[in-house]
Amino acid sequence: MNKHTMIAWMEDKPGVLNRVAGLFRRRNFNIESLAVGHSETSGISRMTFVATGDDREMRQVQTQLYKLINVTAVQDVTDVPTVSRELALIKVKAKNGNRSEVMQIVDIFRGRIVDVDMETLIIQIVGPEERVESLINLLDQFGIVEMVRTGTVAMVRGAHDRAAQQKTAVPAYENGNQ
Amino acid sequence: MSEKKTGGQIIWESLMREGVEVVFGLPGGAILPAYDDLAKYEYPIHHVLVTHEQGASHMADGYARATGRVGVCMATSGPGATNLITGLATANMDSVPIVAITGQVPTSLLGRDGFQEADVQGVSLPVTKHNYLITDIRELPDALKEAFYIASTGRPGPVVIDICKDVLQASLEFEYPETVNLPGYHPNQNAPDPHSVARAARLLNEAERPLIVSGQGVSIAKAEQELRQLAEKAQIPVATSLLGIGTFPSTHPLSISWGGMHGEAYCNYALQECDVMLAIGARLDDRLTGVFDTFAPKARIIHVDLDPAEMGKNITIDTPVVGDALLALRGLLPQVEANEHPAWLAQIDEWKQETSDRDILAQETDELIAPYIMQQLWHATDEGDATVVSDVGQHQMWEAQYYHHTKRRSLLTSGGLGTMGYGLPAAIGAQMGLSEEEIWVVAGDGGFQMTMVELSTVVQERLPIKIAIINNGFLGMVRQWQDVFYNKRHSGTPLFNPDFVKLAEAYGIPARAVTHKDDVYAAIKEAQAADGPFLLDFQVEEFTNVYPMVAPGKSNADMIRRPSPAE
Ligand SMILES: Cc1ncc(C[n+]2csc(CCOP(=O)(O)OP(=O)(O)O)c2C)c(N)n1
């Protein structure tokens, strides 16, 4: 069982999210997070999602997704150098007694305080999933009132021809028995 | 400038551009404008009025399987459209090209739970290759063009176009698009990767016990000829999947029939013992393989399929060959060396002998049983010259075992979904496409009753379909499972049947009941001699079961064989 980060590009048509979500549900794929929005091409949305499973399942996720008519490309970026980020907003209880402690921790994690009132602080953090995760773990002791996470978005580092990639995105099949 | 056309006209004109000659359907409020345009403008497309919309989707399916062309069905919104779903799911599982056109409530009422609104796009989504909801007439021409393209290319499948009623009534300057613009759809019709083909050829050349499993993909790719050349050149025995029946003549010396849950025992032994398997155009589903990781344990498996998602989906394979079956076979032919495998073929012959020694027809009995009827049907139809459409159950398995198919596309059956009620309507579709062909329905008394309302369609269209009901008074296949796995408790399986002969006669269809073995052949001949349709009610021995049987959760090597008569 491995965690995989994948990117899928799809035509921005009504119902396309329904198709993708329906596929994940019907094929029993285990999806941890999913983030979708516009891409650089108008009419094409870009989805980053994190899934867990064995090699067979991950290949199925890719090939089955690719079969959806509105999906134009799928790429597993787990083993290529990427920048991947998640944004979280965390509302923690912070009164006079522990306020500075919270602020110190947030500082160390390069988070920001984006809202303050007498009882709580809202903290914003942008970073790789693991960093977001660690900050949340530390803040837990103060009492998290509310939290929202966007799910990871990812981009492959360096210059590469994404146009070419889109057309050949039928995932390669590694031989099974050899 | 092109002329203004209504949404309804655009449908019919697009269908004509796609070469559609026949549409199976039943009207209702939301699709009415399209029906009106058909009559008003007298388009030369034949509309077959069905009795129930499930029949319409099965007819489109039967038409498509028999002819290789796209089958078209039509229904109104809400219940009309949901009635199509079983047929669409059936077609989706078996990769059959269908375009289904449904009416939808007007755009102003969408989402408001008005009369006869159902979310057809949502409901059909998981059981179709693609679908459309059309809320603007400007989207209609492209959707129609794309639907036919998507349904018929790559791995074929059903496509739904759900069209709001006001779109049918709106008008547009219409021109049928020449091309499609589908950035996410590249049906992979290219030759497969030459390296994988070379590797596959090498494996086959090195094999001592090679075996081919041929599936329906071979028929879709029209590659039967090349398959035969390859098998003959290298003397490789050929098994088929259930849907692959007809891709290789089952009377050919290299044919080892078909395998799986109720396949021939000798075929299953060969599947388990082969050292290299070339599976081509077969998706290796659990009915063929038994428990996945027990399948063909000694074999290195080469899997040829157009659909990359099939590679390793169920079975761990050695060499994937993603591509068209015809191009793959053409690539393999020159590289696979002429060969003989005398020891392997002799071993298979031995298994085959043992299988036929245990054959139910080798046992003396006066009882009327389906295997005998299928054998006689085969003789009476010039040894395999008819197209047979089977329903689902025991009779379906016996048909596949005892009617030796030699022609391509000569068996139509619901393999993937196992849809009872498929037989009669699919035969109607097939006969609409192949008017000269002799078409037989082989159905159980249970499944036949699910869609027998379409007898009126048979009569209405004057189709000479011959119907053989294998009447055992039970939901036979389920009864068999109860016999084997549930201590013979026949819960919910005994049937209350009508008098099928009288029933047929009520429709004006001549019919005869057959209760004795000696009358079988003559009855079949009588049915054949009739100008129009004919129904035979074969009242067979009730408790006969189908063997071999691979129990769920077992390997093909663990078949339950037919108990010997003494047991
Ligand atoms: C629509 C549908 N419902 C239920 C089943 C489950 N099922 C499989 S075979 C079978 C019995 C079929 O009985 P019958 O049509 O009499 O044929 P037989 O097996 O007796 O030849 C049933 C109920 C099915 N395949 N399809």
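Residues numbered from 1 in each chain as written. Chains lettered and ligands numbered in written order. Predicted model: local features only at pLDDT ≥ 70, side-chain atom pairs only at ≥ 80, totals over all residues. Heavy atoms only, no water.

### Describing the overall build of chain A
When its secondary structure is counted, chain A shows five helices and nine strands. Order of helices (α) and strands (β) in chain A, N terminus to C terminus: β-α-β-β-α-β-β-α-β-β-α-β-β-α. Within chain A, the proportion of its 178 residues that are buried is 44%. When the accessible area of chain A is evaluated, it comes to approximately 9600 Å², of which 50% is carbon and sulfur surface. (Helix = DSSP H or I, 4+ residues; strand = E, 2+ residues; numbered from the N terminus. Buried < 20%, exposed > 50% of the residue type's maximum accessible area, 1.4 Å probe, protein only. Areas by Shrake-Rupley, 256 points an atom, 1.4 Å probe, with all protein chains shown as cover.)

### Some details on the overall build of chain B
The number of helices and strands found in chain B is 22 helices and 20 strands. Dimensions of chain B, computed from the C-alpha atoms along their principal axes, are close to 70 × 60 × 40 Å. A buried classification covers 61% of the 567 residues belonging to chain B. Of the accessible surface of chain B, which amounts to about 21200 Å², a share of 49% is contributed by carbon and sulfur atoms. The positive charge centre, built from 41 side chains, and the negative charge centre, built from 72, are 3 Å apart in chain B. (Lys, Arg positive; Asp, Glu negative; His and termini not counted. Charge placed at Lys NZ, Arg CZ, Asp CG, Glu CD.)

### Considering the interface of chain B and chain A
Counting residues at the interface gives 25 residues for chain B, matched by 22 residues for chain A. For the pair chain B and chain A, the number of links is one salt bridge. K67 of chain A is the partner of D307 of chain B in a salt bridge, and the nearest nitrogen-oxygen pair spans 2.5 Å. Taken together, the connections running from chain B to chain A amount to four residue pairs in polar contact (both at pLDDT 80 or more). (Contact = heavy atoms within 4.5 Å. Salt bridge = Lys/Arg side-chain N within 4 Å of Asp/Glu carboxyl O. Polar contact = N/O pair within 3.5 Å; in protein donor to acceptor, adjacent residues only side chain to side chain.)

### Considerations on the nonpolar core
Residues and elements named next belong to chain B. By size, the foremost hydrophobic cluster in this structure holds 51 residues, and its most contacted members are F24, L424, F448, I465, I467 and L535. Built from parts of two domains, this core gets at least three residues from each of domain 1 (3-188) and domain 3 (366-540). Grouped together as the second largest cluster of nonpolar side chains are 39 residues, L15, A34, Y43 and F148 included. (Core = buried A, V, L, I, M, F, W, Y, C linked by side-chain atoms within 4.5 Å. Domains from an automatic or database assignment.)

### Some points on the pattern of salt bridges
Close approach of charged atoms lets side chains of opposite charge pair. Throughout the structure, instances matching the rule amount to 30 salt bridges over all chains. Where D286 of chain B meets R287 of chain B, a salt bridge forms, and the shortest distance between an N and an O atom there is 3.7 Å. Overall, the relative accessible area of 41% leaves D286 of chain B in the partly exposed class. When salt bridges that share partners are traced, they join K67 of chain A together with R155, D307, E310 and K313 of chain B into one network.

### As for helix 22 (residues 520-529) of chain B
Residue and element names in this part refer to chain B. When we look at burial in helix 22, the residues that qualify are V520, A523, I524 and A527. The buried residues of helix 22 occupy an angular sector of 100° when projected down its axis, which confines them to one face. Buried residues in helix 22 make contact with helix 15 (370-380), strand 17 (439-444), strand 18 (466-471), strand 19 (511-514) and strand 20 (534-539). (Arc of directions from axis to C-beta.)

### Here's the deal with the sheet that holds strand 1 (residues 2-11) of chain A
In a beta sheet, neighbouring strands are held together by backbone hydrogen bonds and run either parallel or antiparallel to one another. Residue and element names in this part refer to chain A. Here four strands make up an open sheet; going across it, the order is 2-3-1-4 and the pairing antiparallel. What marks the edges here is a single partner per strand, and that holds for strand 2 (30-38) and strand 4 (71-76). Looking at each pair of strands side by side, their axes are set apart by 20° on average, direction ignored. Direction of pairing for strand 2 relative to strand 3 (residues 44-53): antiparallel, over a ladder of eight bridges. Bridge pairing in strand 3 places I31 opposite A51. Strand contacts of helix 2 (residues 55-67): strand 1, strand 3 and strand 4, with the helix running at about 160° to strand 4, the strand carrying the most contacts. (Pairing = 2+ DSSP bridges. Axes fitted to C-alpha atoms, helices over the stretch in contact; angles between N-to-C directions.)

### Some words on the site of the ligand
Residues and elements named next belong to chain B. Taken together, 17 residues form the shell around the ligand, and within it Q394, H395, G418, G447 and G476 come nearest. M420 is positioned such that a nitrogen or oxygen atom in its backbone is 3.3 Å from a nitrogen atom of the ligand. At 2.8 Å from an oxygen atom of the ligand is found a main-chain nitrogen or oxygen belonging to G476. In the complex, 76% of the free accessible area of the ligand, which totals 580 Å², lies under the protein chains. At the level of secondary structure, the elements contributing two or more residues to the shell around the ligand comprise helix 16 (394-402), helix 18 (445-451) and helix 20 (476-485). Broken down by class, the residue content of the shell around the ligand amounts to seven nonpolar, nine polar and one charged. (Near = heavy atom within 4 Å. Nonpolar A, V, L, I, M, F, W, Y, C, P; charged D, E, K, R; others polar.)

### Points about the packing of helix 15 of chain B against helix 16 of chain B
All names here are of chain B. The geometry of helix 15 relative to helix 16 is characterised by a closest axis approach of 9 Å and an angle of 45° between their N-to-C directions. By the angle class used here, helix 15 and helix 16 are oblique. Judged by the twist between their axes, the crossing of helix 15 over helix 16 is right-handed. On helix 16, the residues that touch A370, P371, M374, Q375 and W378 of helix 15 are W398, E399 and Y402. Among the residues forming the contact of helix 15 with helix 16, the class breakdown is six nonpolar, one polar and one charged. (Parallel < 35°, antiparallel > 145°, perpendicular 65-115°, else oblique. Left-handed = near helix turned anticlockwise from the far one by under 90°.)

### A short note on empty space enclosed by the protein
All names here are of chain B. Going through the model one piece at a time under the given rule, you end up with four cavities of 30 Å³ or more. Taken as a whole, the largest cavity encloses approximately 150 Å³ of empty space. Every residue along the wall of the largest cavity is listed here: R65, Q216, S219, L242, L243, I245, G246, T247, R409, L411, L412 and T413. Sorting the residues of the lining of the largest cavity by element identifies helix 9 (216-220) and strand 16 (411-412) as the ones contributing at least two each. Considering only residue class, the lining of the largest cavity consists of five nonpolar, five polar and two charged. Shared between two domains, the lining of the largest cavity holds at least three residues of each, these being domain 2 (190-350) and domain 3 (366-540). Within this model, the second largest cavity holds a volume of roughly 110 Å³. For the lining of the second largest cavity, the class distribution of residues is four nonpolar, two polar and five charged. (1 Å grid on protein atoms, 1.4 Å probe; cavity = no way out; pocket = protein on both sides within 12 Å on 5 of 7 lines; lining within 4 Å. Points joined across faces, edges and corners; volume = space filled by probe spheres on them.)

### A word on the confidence of the model for chain B
Here chain B averages 97 in pLDDT, and 99% of its residues register 70 or above. Predicted as a complex, the structure gets a pTM of 0.95 and an ipTM equal to 0.91. (pLDDT = per-residue confidence, 0-100.)

### What about the domain arrangement of chain B?
Residues and elements named next belong to chain B. As assigned here, chain B comprises domain 1 (3-188), domain 2 (190-350) and domain 3 (366-540). Computed from C-alpha atoms alone, the centre-to-centre distance between domain 2 and domain 3 is 31 Å. Every contact between the two is made by 19 residues of domain 2 and, on the other side, 18 residues of domain 3. Taken over both partners, the interface formed by domain 2 and domain 3 buries close to 1500 Å², and the fraction arising from carbon and sulfur atoms is 59%. At the junction of domain 2 with domain 3, the criterion picks out one salt bridge. The partner of E224 in a salt bridge is R408, and the shortest N-O contact between them spans 2.9 Å. (Buried area = accessible area lost by both parts, 1.4 Å probe.)

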